[in-house]
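Secondary and tertiary structure notes
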Amino acid sequence: MEKFGKSQPVKRFEDTRFLTGAGQYVDDIAPEGALHAYFLRSPVAHAEITELDVSDAREADGVAVVLTQEDLLAAGMDATLEGTQVQNRDGSKGAGPERPLLATGRVRYVGEPLAVIVAETMDQARDAAEMIMFDYDDLDAHIDLARGGAQLHGEAPENLAFDWGLGDEAATEAAFQAAAHVVSLEVGDNRVIVNAMEPRGAFAEWGEDGRVHVAINGQGVWGPKAQIARMLAIDPEQVKVTNPDTGGGFGMKAMMYNEAGVIAHAAKEAGKPVRWIADRTESMLSDNAGRDLTSTVEMAFDADLKATAYRVLSVANMGAYNSQFAQAIQTQLFSRVLMGVYDVQTTWLQVDGVYTNSTPVDAYRGAGRPEAIYVLERLMDRAARELGVSGSELRRRNFIPKAAFPYKTTTDETYDVGDFDRVLDRAEAFADLSGFGARKAASEAAGKLRGVGLCYYIESILGDPSESARVEFNEDGTASIFVGTQSNGQGHETVYAQFLSDQTGIPVDLIEVVQGDSDRIKQGGGTGGSRSVTVQNTATLATVSTMITAFTQYLADKMGVNEADVSFDDEQFRAEGSNLHPTMLEAAEMARADGRDDLLVHEERTTLPARSFPNGAHFAEVEIDPETGQVTMDRYNVVDDFGNLINPMLAEGQVHGGVAQGAGQALMEHVVFDEDGQLLTATFMDYAMPRASDMPMIGFTTEAVPSTANIMGMKGCGEAGTVGAMAAVANAVQDALWDRGVRQADMPFTPLRVWEMLREAAPDAA
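What comes next is a walk through the structure. (Residues numbered from 1 in each chain as written. Predicted model: local features only at pLDDT ≥ 70, side-chain atom pairs only at ≥ 80, totals over all residues. Heavy atoms only, no water.)

What about the overall build of the protein chain?
When helices and strands are counted, the protein chain shows 19 helices and 29 strands. Seen along its three principal axes, the alpha-carbon backbone of the protein chain occupies a region of about 85 × 75 × 55 Å. Burial statistics for the protein chain: of 766 residues in total, 60% are counted as buried. Sequence-distant contacts, at least 24 apart, represent 80% of the contacts inside the protein chain between residues at least 6 apart. Of the accessible surface of the protein chain, which amounts to about 28,400 Å², a share of 48% is contributed by carbon and sulfur atoms. In the protein chain, 62 side chains carry a positive charge and 117 a negative one; their mean positions are 5 Å apart. (Helix = DSSP H or I, 4+ residues; strand = E, 2+ residues; numbered from the N terminus. Buried < 20%, exposed > 50% of the residue type's maximum accessible area, 1.4 Å probe, protein only. Contact = heavy atoms within 4.5 Å. Areas by Shrake-Rupley, 256 points an atom, 1.4 Å probe, with all protein chains shown as cover. Lys, Arg positive; Asp, Glu negative; His and termini not counted. Charge placed at Lys NZ, Arg CZ, Asp CG, Glu CD.)

Concerning the packing of aromatic side chains
Under the defined criterion, the tally for this structure stands at 15 aromatic pairs. Their ring planes at 85° and their centres at 5.6 Å tell us that Phe405 and Phe420 sit as a pair that is edge-to-face. Within this pair, whereas Phe405 is found in the loop between helix 11 (391–398) and strand 18 (407–408), its partner Phe420 is found in helix 12 (residues 420–430), the two being separated by 15 residues in sequence. Residue class for Phe420 comes out buried when judged on its relative accessible area of 1%. Between the aromatic rings of Tyr407 and Tyr415, the centroid separation amounts to 6.4 Å while the plane-to-plane angle is 35°, which identifies the pairing as tilted. For the pair Tyr407 and Tyr415, one class covers both residues: buried. The ring of Phe176 carries the charged tip of Arg311 above its face, separated from the ring centre by 4.3 Å. A cation over a ring is seen here: Arg385 above Trp738, with NZ or CZ 5.1 Å from the ring centre. (Phe/Tyr/Trp six-rings, centres within 6.5 Å; stacked < 30°, edge-to-face > 60°. Lys NZ or Arg CZ within 6 Å of the ring centre and 35° of its normal.)

Observations regarding the packing of helix 10 (residues 369–387) against helix 11
Where helix 10 meets helix 11, the closest approach of the two axes is 8 Å, and the angle between their N-to-C directions is 110°. Classified by the angle their axes make, helix 10 and helix 11 are roughly perpendicular. Taken together, the residues of helix 11 that come into contact with helix 10 (itself represented by Glu377, Met380, Asp381, Ala383, Ala384 and Leu387) are Gly391, Leu394, Arg395 and Asn398. Of the residues assigned to the contact of helix 10 with helix 11, the class counts are 5 nonpolar, 2 polar and 3 charged. (Axes fitted to C-alpha atoms, helices over the stretch in contact; angles between N-to-C directions. Parallel < 35°, antiparallel > 145°, perpendicular 65-115°, else oblique. Nonpolar A, V, L, I, M, F, W, Y, C, P; charged D, E, K, R; others polar.)

A closer look at the nonpolar core
By size, the foremost hydrophobic cluster in this structure holds 109 residues, and its most contacted members are Tyr310, Tyr636, Leu737 and Phe749. With 12 residues, the single largest contributor to this core is helix 18 (residues 720–738). Ranked by size, the runner-up nonpolar core spans 39 residues in total, among them Leu81, Ile228, Ala266 and Ala267. (Core = buried A, V, L, I, M, F, W, Y, C linked by side-chain atoms within 4.5 Å.)

Some details on the sheet that holds strand 9 (residues 160–167)
The strands making up a sheet are joined through hydrogen bonds of the backbone, oriented either antiparallel or parallel. Across the sheet, which stays open at both edges, the 5 strands sit in the order 9-17-16-15-10 with mixed pairing between neighbours. Whereas interior strands pair on both sides, the edge strands pair on one side only; in this sheet they are strand 9 and strand 10 (181–189). For this sheet, the mean inter-axis angle between neighbouring strands, taken without regard to orientation, is 10°. With 9 bridges joining them, strand 15 (residues 293–301) and strand 16 (residues 307–319) adopt antiparallel strand pairing. Its bridge partner lying in strand 16, Val297 is registered against Val312. Packing of helix 5 (residues 169–178) onto the sheet brings it into contact with strand 9, strand 10, strand 15, strand 16 and strand 17 (347–355), and relative to strand 16 it is tilted by some 125°. (Pairing = 2+ DSSP bridges.)

Let's talk about helix 17 (residues 648–667)
Look at helix 17: 28 Å from first C-alpha to last across 20 residues, which is about the 28 Å you get at 1.5 Å a residue. With 14 of 20 residues buried, helix 17 is to be regarded as a mostly interior element. (Expected span 1.5 Å × (residues − 1).)

So, the pattern of salt bridges
Counted according to the given criterion, the structure contains 55 salt bridges. Asp245 is paired through a salt bridge with Arg17; the nearest N and O atoms lie 2.8 Å apart. Remark: Arg17 occurs in helix 1 (residues 15–19) and Asp245 occurs in the loop between strand 13 (239–242) and helix 7 (258–270); sequence separation between them is 228 residues. Its relative accessible area of 11% is what places Asp245 among the buried residues. Bridged by salt links that share partners, the residues Asp432, Arg439, Arg450, Glu621, Glu623, Asp634 and Arg635 form one connected network. (Salt bridge = Lys/Arg side-chain N within 4 Å of Asp/Glu carboxyl O.)

Here it is as structure tokens:
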């Protein structure tokens, strides 16, 4: 098929490569003969380092280099990781303790890297690591999600990373005092381990020209390029970063970690390329975790059940250090959708960030927005129960009305469009909500409990609103499009080629998508915040417009007509009275023959004027066996407003994956540390992940309200499934348990926890 119309469910081109084992991941492309790096990691969560003697390891068979933080500093490196610092309520900055690439003085979480051993084989590196003399004096571990306890950093008294607030605290309190009804709820949002299919890895090699090439499996190359240049104290032009195929990122791979900078220096010291890839337990110990916060949420209502004020008080776990985006996740990013789809202008959000002796916490699919929607939609569900109306009815009473758009929220976001009543109408029909009573009766007849849960979410698209696209016409008759985003499995190769083909008529099998190379692409925003397709295709549209203008000027002379008489119909250039009607590729070949190399490369950079706000309604139905506590997710249906779609199949795939991750957290995923900070869920024997058998067939459709924030009317879709799934599943479980007297149901809903909830509530059941 040479031409794709808009919104066609085209199968992913890259899947053949992946499914036949031809994917090129970072550990596949490491140079022949590269040395292997192994990181010695702390076995304890909190201790003063009294000895770190690597001398025996340096003499071990096959070992080329052993490095500690002392060695990195002696080489002149800026051997630290940087992290965002938000502003405290008093105007000061949040804490910014130094985070070394390799631990020095003290270790602060199990898995913190202490030294790197580089050897000819991985076995030799591991054997040498056992020869390192690491001794320490234990310190008490601070694991509780609260201020106080054993202090991790001198810069953070009481382990307080930040004390952040947004809104009008006094006005919010006044609204609560005047309210006819007040509903409150304490909500936990459990820590999860991301567990991308491909563990983190990297390799580094130095060229004879003094430049270093670092290959990573992340979510973009330009941030790492700048960070590695800083760490190595060299000019950024001396650093090349590439990103090959990546087996999942989900926000966890969006930031810099310790290892890439360390192996870049190790490769220089060794004089050979160095490769590193984590094993699964190493990933569980060292990958940034997600979520991990608790919130008290309150809403005030008037006598007509119209919400008048909303207050959120959260405590968020930072782990042992500030990861790159961590302080912003549960503050600024949480606030983007604080009030969701509801028309309330009086709010207060207060967040304490706390350091604990655990792996740092950072972005995970949605990064702050799922957390915000989760607590809000759990509260709306509770409010509906306490106020005696259905969840749908209470939401409808409080939706931002269609006529109010563009709508400025209390946290200074401007929602451009929305028709939440229409989307919810469609979702109720799509989920067959009217048939729930019969399904519940059937479950009860079988001795099971059944519940239905609704979440109406809205998502704020984040990330750099600017992006570039460059199209080059190649001598072999193909075209290449260079993009600044980075696929982590979303299908970018398909959607970008499909879109360019649609706009230019270039056969899609003659289009190469080039990404993830800081030498070939001068700048880009990477992937994250559901930004990719919207910002990248906006830049592609601008590039195509420039391309058409340039070829129109060139072809007018060829056709012997005025420039204004030449048109392009998305397939061919035409002019009345001329029998010349070349395609875009034919026009490029004509230009090449005429020596017009200026017509063979076209590039534009665009900036979106505003964000888009995907939204939608999720309905989950669960069945619970009260004898065992086993929760089965029996039905799941989603109606999303993603605006206009390029490839509905890719959008549906993103929603399916997002729902699985949100439902996985709700039903089974849970990180557990003991009182000494030891991770008890460090393998898949102990950490549950959803399998195909845990998920029903997910019903998906869209009800489009095109965005005005971009010319295509699109809204991002990458994180939306997760944003809606957590509360939909949790509300369904709460609904099933409510008649049995359970009033507080928190994730994860494992069989044991649900069984205990039922047993504890039994004496109080009506």
